[in-house]
Amino acid sequence: MSRMLALAALLPLCAIPSAAARPDPAATGQAQFERLWLGSAWYPEQWPEASWDADLALMARHGANVVRIGEFAWSRMEPREGEYDMGWLVRATRLAAKHGLKVVIGTPTDTPPAWLTKKYPDTLRVDGNGVRAVHGGRRQFSISSPRYREFSRLIVGKMAGALGREPNVIGWQIGNEYTDESYDPAARAAWHAWLKAKYGTLDRLNDAWTTRYWSQTYSDWEQVPFNNDKANPGWMLDLKHFITQTWVDFQKNQLDVIRATAEPRQFITTNLGGLGWANRFDRYAINRDLDFASWDAYVGTGHLQPYRMGATHDLVRGWKRQNFWVMETQPGFVNWAPVSNMLYPGETRAMAWQAIGHGSDAVLYWQWRNALNGQETLHGSIVGPDGKPLPVYDEIGQLGREMAKASPVIAGTTPESPVAILQDYDSRWAIDFQLHHKDYDQIAVLLDYYRPLKDRLGQVDIVAASAPLDRYKLVVAPSLNVIPEALAKQLDDYVRGGGHLILGPRSGMKDEANRLHTQRQPGPLAELLGGRVEQYYALDEAVAVDGGTARIWAEQLSTVAPDAEIVLRYGKANGWLDGKPAAISRKVGKGRITYLGALIDDASMQRFLETALAGAGVAAEFAAPPDVELMRRTGEGREVLIVINHGRETRNVRLSGAMQDVLAGGSKTEVTLAPEGVAVFQKKTQGAEK
Ligand code: GAL
């Protein structure tokens, strides 16, 4: 049965402070945000040159305007040491131009050629158990090897020389899906040098890691272990910082070469995979040197999980606090999932529109056409081994026509929200190192806050804990375990200045060395809160909290300041928690700080957040029918609404007023969406079509 629910008025634009980091392609001449981009990964090196034209013509026919090439083709670019052939890349790039397709060039450092690693085995990665990688797969290189960096510099320099001024090249992707660090001797030396630079003296290091515990005290830098063992949590956090810095340097090695040669209008990015939430290293740090962030949005087994995928897009948007690219997504199915099933008809298109709704300005499929052999021959593609369209081609063609139509309206807009969720790699690592409850999944905890906020607001930002927060009326930190003094000061200022900060369980337990704060949680924010955590409990059974339940984790709170209020109380619980405060809150300065000490059920969370939104003065006005997702992008006098029915039932959506239907045309006050249905509306502004 279809349902009719009203979508109340969109939030007035004035409720949202203007974007601090709105992309301005005009300033750099870079192309990434000037229009919506559609394309795929194409591997001309795998096919006879005579077939290229037909491939590119078919891409153009389904509406592609960009193609990504090169990222695994090192052995084709440098078949023998020092013998370079960039001619084919230039020819492919120019042929793409003939078909109206711009080109993104990938550097091939994910796949060194066999001659290189055979002759120079020190360029091969060594895993945490001391085992050296072999040729035959990918990612077998060491990110720490100075020799590998030198070879990378040379090949990337040749590429930049050949393509850095090529008019049809709009940008570069460095490497591909950074993944594995290395534990080879060069990496070990770099680790010790990094520690020395950070701490200066071993006394400082010993103090930060509390090494008197278990006689871990070091009297020589060489004694400090280097492997991937689960060890001292201070050591583990530093290892993560070191690995992050190694990737930053690995990337910068190539970035500097490209920047020195290529025209500044050519952007530089990399595609970060790992389903977005991966945390082998800090992705804010990786993105700092790049022009914008890109990632790979895959579903794998099953179907799109709209909240999780949407939140992942928001995470990626938060890496640089600006729009981003989906550099890879699946044209129907993958080859690596436990069940690599096909998406429903229309789901591929709906996924693309969801990405755009969350701030992506590009959707590129992986891949155009499968290699006839190699590890990924069964992956979804857009054309078959015969080079002819597969069934999903037409769906992508529909998307291509729609993106072309919507591009002038959407380009230059970005999602904005009055509410942010904080995501912090140090905290994620610190909790994961000492989980305490096997089911404490920080992404699930974050999504528990995200879902009700997303339903009511359409957009939610997910940003680093250190991001500027003044534009937000409400900031939620679901698991901000590590709160150094400087961050505490910033959050304190935010609250006193009029913001509302909600801290979730486990917040403020650790300092920057992953050491326990000597003040009880939330550590340096306990005074501001006017209360604290008396004790934390990993729960083996659910406990009652004000009409609902808490699972997995619950903390017994207490108020210290007379003006601190108790917001939630445990009911009959595990004895320790009975009747004790589960959430406390305090008005301070112009703002408010709230601490919620338990993982509560969905209905309780919804009530808790409704109260918080109302208290923070956020107009929570969306009420979409079930399974319907609403996304809003705004920009210079424009407001675009993207509506998707992710469910299996037809839904009617009534708009808050007449809006321009960008895809179907005409002015609408309501729309009927079949399963996987998508509509794009532009809010009428003065002078728009009647
Ligand atoms: C990505 C990777 C691509 C391809 C794809 C298959 O993670 O970047 O090269 O392997 O997965 O789904």
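Residues numbered from 1 in each chain as written. Predicted model: local features only at pLDDT ≥ 70, side-chain atom pairs only at ≥ 80, totals over all residues. Heavy atoms only, no water.

As summarised here, the arrangement of the 9 strands in space is β6-β5-β4-β3-β2-β10-β9-β8-β7, forming an open sheet in which the pairing is parallel. Where the open sheet ends on each side, the last strands, each with one partner, are β6 (267-269) and β7 (271-272). Relative to strand β10 (residues 360-365), strand β9 (residues 324-329) is paired through 3 bridges, and the arrangement is parallel. Note on β10: the bridge partner recorded for Phe324 is Ser360. Packed on one face of the sheet, helix α4 (residues 87-98) meets β3 (66-69), β4 (102-106) and β5 (169-173) and runs near 170 degrees to β3. (Pairing = 2+ DSSP bridges. Helix = DSSP H or I, 4+ residues; strand = E, 2+ residues; numbered from the N terminus. Contact = heavy atoms within 4.5 Å. Axes fitted to C-alpha atoms, helices over the stretch in contact; angles between N-to-C directions.)

Turning our eyes to something else, we now look at the packing of aromatic side chains. Tallied over the full model, the rule gives 33 aromatic pairs. Their ring planes at 20 degrees and their centres at 6.0 Å tell us that Tyr43 and Phe72 sit as a pair that is stacked. Here Phe72 lies in the loop between β3 and α3 (74-77) and Tyr43 lies in the loop between β2 (37-41) and α2 (52-61), a separation of 29 residues in the sequence. The class of Tyr43 is buried, set by a relative accessible area of 2%. Relative to Phe292, the ring of Phe267 has its centre 4.8 Å away and its plane inclined at 75 degrees; by these criteria the two rings are edge-to-face. (Phe/Tyr/Trp six-rings, centres within 6.5 Å; stacked < 30°, edge-to-face > 60°. Buried < 20%, exposed > 50% of the residue type's maximum accessible area, 1.4 Å probe, protein only.)

Here helix α16 (residues 485-496) is 12 residues long and its end C-alpha atoms lie 16 Å apart, about the 16 Å a rise of 1.5 Å per residue gives. Leu487, Ala488, Leu491, Asp492, Tyr494 and Val495 are the residues of α16 that are buried. Considered in projection along α16, the buried side chains sweep an arc of 160 degrees and stay on one side of the axis. Across α16 from its buried face, at more than 90 degrees, point the exposed residues Glu485, Ala486 and Lys489. Turning to α16, the residues buried within the fold contact β11 (419-423), β13 (474-477), β14 (500-503), α17 (526-529), β19 (581-588) and β20 (591-596). Positioned one or two residues after α16, Gly498 has a phi angle of 125 degrees, which is positive. (Expected span 1.5 Å × (residues − 1). Arc of directions from axis to C-beta.)

Looking now at the pattern of salt bridges. In total, this model carries 46 salt bridges according to the counting rule given. Of the charged contacts, one joins Arg369 and Asp55 as a salt bridge, the two residues approaching to 3.4 Å between their closest N and O atoms. Of this pair, Arg369 sits in the loop between β10 and α13 (392-410) while Asp55 sits in helix α2, placing them 314 residues apart in sequence. Arg369 gets classed as buried once you look at its relative accessible area, which sits at 10%. (Salt bridge = Lys/Arg side-chain N within 4 Å of Asp/Glu carboxyl O.)

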